[in-house]
Amino acid sequence: KAKAAGRNGYAFFDSSLREHVQARVELEQALRRALEHGELEVYYQPIIDLGTDELTGFEALLRWNHPERGLVSPKEFIPVAEETGLIVPIGAWVLQQATEQLADWQANLGTARKLHMSVNVSPRQLRHDELVDQVAIALLDTGIDVSTLGLEITETAMMEDPDAAAATLRGLRDLGVTLAVDDFGTGYSALGYLKRFPVGIVKVDRSFVAGLGVDVDSEAIVRAVVAMAHAIGLTVVAEGIETPLQRDRLRELGCDMAQGYLYGCPRPASLTLSHHDLWVAGAA
Ligand code: C2E
Ligand code: MG
Ligand code: MG
Ligand code: MG
């Protein structure tokens, strides 16, 4: 820490930085406890086929039921979990929960289609060589059909260490899982790497969906992404659909699937189920 010390030894460590570091350390310890004490929970958000309005499956989204602070957003704690490496055991746990839940729903819900589950994977997990084994174990443990499991990776994560990422992604693809590029349009958005990595799905970031009917650029971008993805055989999922207008525009633009508050918020498994029953009945 010599470099950070000022002329009098500690000048740069003003109270706000000290507090910041302290808060970080506390968050890390609390997160470690959270995993051990069962404070983490996986929520599920429906993903819909825009052509038929059918439910195709869910995205698993992590939540932290903090004993004092209530529900904590993953935006707050995923970065810390990522920095500390805690994301590796946490990610393995999410994978296990989500695949067990999928096996349950596939066995007990009489849907015409076989439901899918999509799980987020962070850059650190992607660099960790256990990921392929973790996925293989989750598949063996639950007996779900490999083709019904998807993994979401942001384009930034793929590009961070493209060679290492490509190797891990090939290992995952060889298992048979579907890979999705998450938050597409917010990072490099290069056509080339979509061909380079074995991905099957592109998830259009919700900032572009929010722009539909508002600014012409968003519409042009979504149109271009759909055309490009379809040209190389990829499926397009739009995130963050909140209004019927956005849904209609996405349909016109040829987007394949959608996910957003219009169809359902992320919910705990028990509540997702009842919501899903409504879906099947066509009442939601
Ligand atoms: P993401 O993977 O892009 O997930 C989509 C986010 O958009 C979720 O935020 C979801 O709740 C939110 N969302 C869905 N529909 C709508 C909508 O109509 N309007 C608005 N405004 N938002 C919508 P959430 O659950 O807070 O998660 C934030 C991010 O945290 C995720 O973004 C993902 O990057 C990360 N994350 C969540 N769970 C996990 C996990 O298990 N592992 C890892 N590594 N990252 C996770
Ligand atoms: Mg995602
Ligand atoms: Mg996303
Ligand atoms: Mg997003």
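This structure is a prediction, so every number in the text was calculated from the model and none was measured.

Peer 1: What is the right way to look at a nonpolar patch on the surface in this model?
Peer 2: On the surface, a nonpolar cluster with roughly 200 Å² of combined accessible area is contributed by L17, V21 and V25. With respect to the helices, strands and loops of the structure, V25 is situated in helix α1 (residues 15-36).

Peer 1: Any chance you could explain helix α5 (residues 131-142) here in plain terms?
Peer 2: Because an α-helix packs 3.6 residues into every turn, residues spaced three or four apart end up facing the same way. Helix length check: α5, at twelve residues, gives a terminal C-alpha distance of 17 Å against a target of 16 Å (1.5 Å per residue), a fit within 8%. All of the buried residues along α5 are L131, Q134, V135, A138, L139 and T142. End-on, the buried residues of α5 take up no more than an arc of 135°, which puts them together on one face. Facing away from the buried side of α5, by more than 90 degrees, are the exposed residues L140 and D141.

Peer 1: Help me understand the confidence of the model for the protein in this model?
Peer 2: In low-pLDDT segments, the atomic positions of the prediction should not be examined closely. Looking at the protein as a whole, the pLDDT averages 88, with 90% of positions reaching at least 70. Here residues 1-6 scores under 50 on pLDDT; set against residues more than four positions off or in separate chains, the count is six contacts. Across the whole predicted complex the pTM is 0.91, and at the interface the ipTM reaches 0.98.

Peer 1: Whenever I open this one, the pairing of strand β2 (residues 55-66) confuses me. Can you help?
Peer 2: Each regular strand shows side chains that alternate between the opposite faces of the sheet. Counting buried residues in β2 gives eleven out of twelve residues, a clear majority hidden from the surface. Linking two consecutive strands that pair antiparallel, namely strand β1 (residues 40-49) and β2, is a turn of five residues; a positive phi of about 65° is found at D53 within it. Pairing of β2 with strand β4 (residues 116-120) involves four bridges; the strand directions are parallel. When the bridges of β4 are listed, E59 appears paired with S118. Taking the residues that link successive antiparallel strands as the turn, the β2-strand β3 (residues 70-72) hairpin has three residues.

Peer 1: Is there a simple way to think about the pattern of salt bridges in this case?
Peer 2: Between side chains of opposite charge, a pair can form as their charged atoms come close. Summed over the entire model, instances satisfying the criterion amount to 13 salt bridges. Of the charged contacts in the structure, one is a salt bridge between R32 and E28, with a shortest N-O distance of 2.7 Å. Taken together, the residues R32 and E28, both in helix α1 and four residues apart, mark about one turn of the helix. For R32, a relative accessible area of 39% gives the class partly exposed. For E28, a relative accessible area of 23% translates into the label partly exposed.

Peer 1: Help me out: how do you make sense of the packing of helix α3 (residues 87-108) against α5 in this one?
Peer 2: Any two packed helices are characterised by how steeply their axes cross, that is the angle between the axes, and by the distance between the axes. As a packed pair, α3 and α5 sit with axes 9 Å apart at the nearest point and diverge in direction by 30°. When the axis of α3 is compared with that of α5, the two are roughly parallel. For α3 against α5, the interelement crossing comes out right-handed. Here α3 contributes V88, A92, L95, T99, E100 and A103 to the contact with α5, which in turn contributes Q134, V135, A138 and T142. Class assignment for the residues of the contact of α3 with α5 results in six nonpolar, three polar and one charged.

Peer 1: In this structure, what is going on with the coordination of the magnesium ion (ligand 3)? I would like to understand it.
Peer 2: Working reference: metal with six octahedral donors, ideal angles 90 or 180 degrees; metal with four tetrahedral donors, ideal angle 109.5 degrees. The protein atoms that coordinate the magnesium ion (ligand 3) are D182 (OD), D183 (OD) and E239 (OE), at distances of 1.6 to 2.7 Å. Between the donor residues of the magnesium ion (ligand 3), the gaps in sequence give the motif D-D-x55-E. A distance of 3.5 Å spans the gap from the magnesium ion (ligand 3) to the magnesium ion (ligand 2), which D182 bridges by coordinating each metal. Taken as a pair, D182 in strand β6 (residues 178-184) and E239 in strand β8 (residues 235-239) lie far apart in primary sequence, 57 residues in all. Of the residues examined, D182 reaches a relative accessible area of 6% and is grouped as buried. Assessed through its relative accessible area of 11%, E239 is described here as buried.

Peer 1: How should I be thinking about the site of ligand 1 in this particular structure?
Peer 2: If you check the shell around ligand 1, you find 24 residues, and the closest are R63, N120, D182, E242 and Y261. Contacts to ligand 1 include Q45, whose side-chain N or O atom sits 3.0 Å from a nitrogen atom. With respect to ligand 1, the side chain of E239 contributes an N or O atom lying 3.2 Å from an oxygen atom. In the complex, the protein chains occlude 87% of the 800 Å² of accessible area that ligand 1 would expose alone. It is β2 that provides the largest number of residues to the shell around ligand 1, a total of four residues. When its residues are assigned to classes, the shell around ligand 1 shows nine nonpolar, six polar and nine charged.

Peer 1: I keep staring at the pairing of β1 and nothing clicks. Help me out?
Peer 2: Burial runs high along β1: nine of the ten residues are buried. In the sheet, β1 pairs with strand β10 (residues 267-268) via two bridges, with the strands oriented antiparallel. Considered in β10, the bridge of Y44 is made with R267. Inspection of the sheet shows β1 paired to strand β9 (residues 257-259) by two bridges, in the antiparallel sense. Each residue of the ladder has a partner; that of I48, found in β9, is A258.

Criteria and cut-off values
- Residues numbered from 1 in each chain as written.
- Chains lettered and ligands numbered in written order.
- Predicted model: local features only at pLDDT ≥ 70, side-chain atom pairs only at ≥ 80, totals over all residues.
- Heavy atoms only, no water.
- Patch = residues over 30% accessible without salt bridge, like charges linked within 9 Å, V, L, I, M, F, W, Y side chains within 5 Å.
- Areas by Shrake-Rupley, 256 points an atom, 1.4 Å probe, with all protein chains shown as cover.
- Salt bridge = Lys/Arg side-chain N within 4 Å of Asp/Glu carboxyl O.
- Helix = DSSP H or I, 4+ residues; strand = E, 2+ residues; numbered from the N terminus.
- Expected span 1.5 Å × (residues − 1).
- Buried < 20%, exposed > 50% of the residue type's maximum accessible area, 1.4 Å probe, protein only.
- Arc of directions from axis to C-beta.
- pLDDT = per-residue confidence, 0-100.
- Contact = heavy atoms within 4.5 Å.
- Pairing = 2+ DSSP bridges.
- Axes fitted to C-alpha atoms, helices over the stretch in contact; angles between N-to-C directions.
- Parallel < 35°, antiparallel > 145°, perpendicular 65-115°, else oblique.
- Left-handed = near helix turned anticlockwise from the far one by under 90°.
- Nonpolar A, V, L, I, M, F, W, Y, C, P; charged D, E, K, R; others polar.
- Donors = N, O, S within 2.8 Å, 3.2 Å for Na, K, Ca; no water.
- Near = heavy atom within 4 Å.
- Polar contact = N/O pair within 3.5 Å; in protein donor to acceptor, adjacent residues only side chain to side chain.

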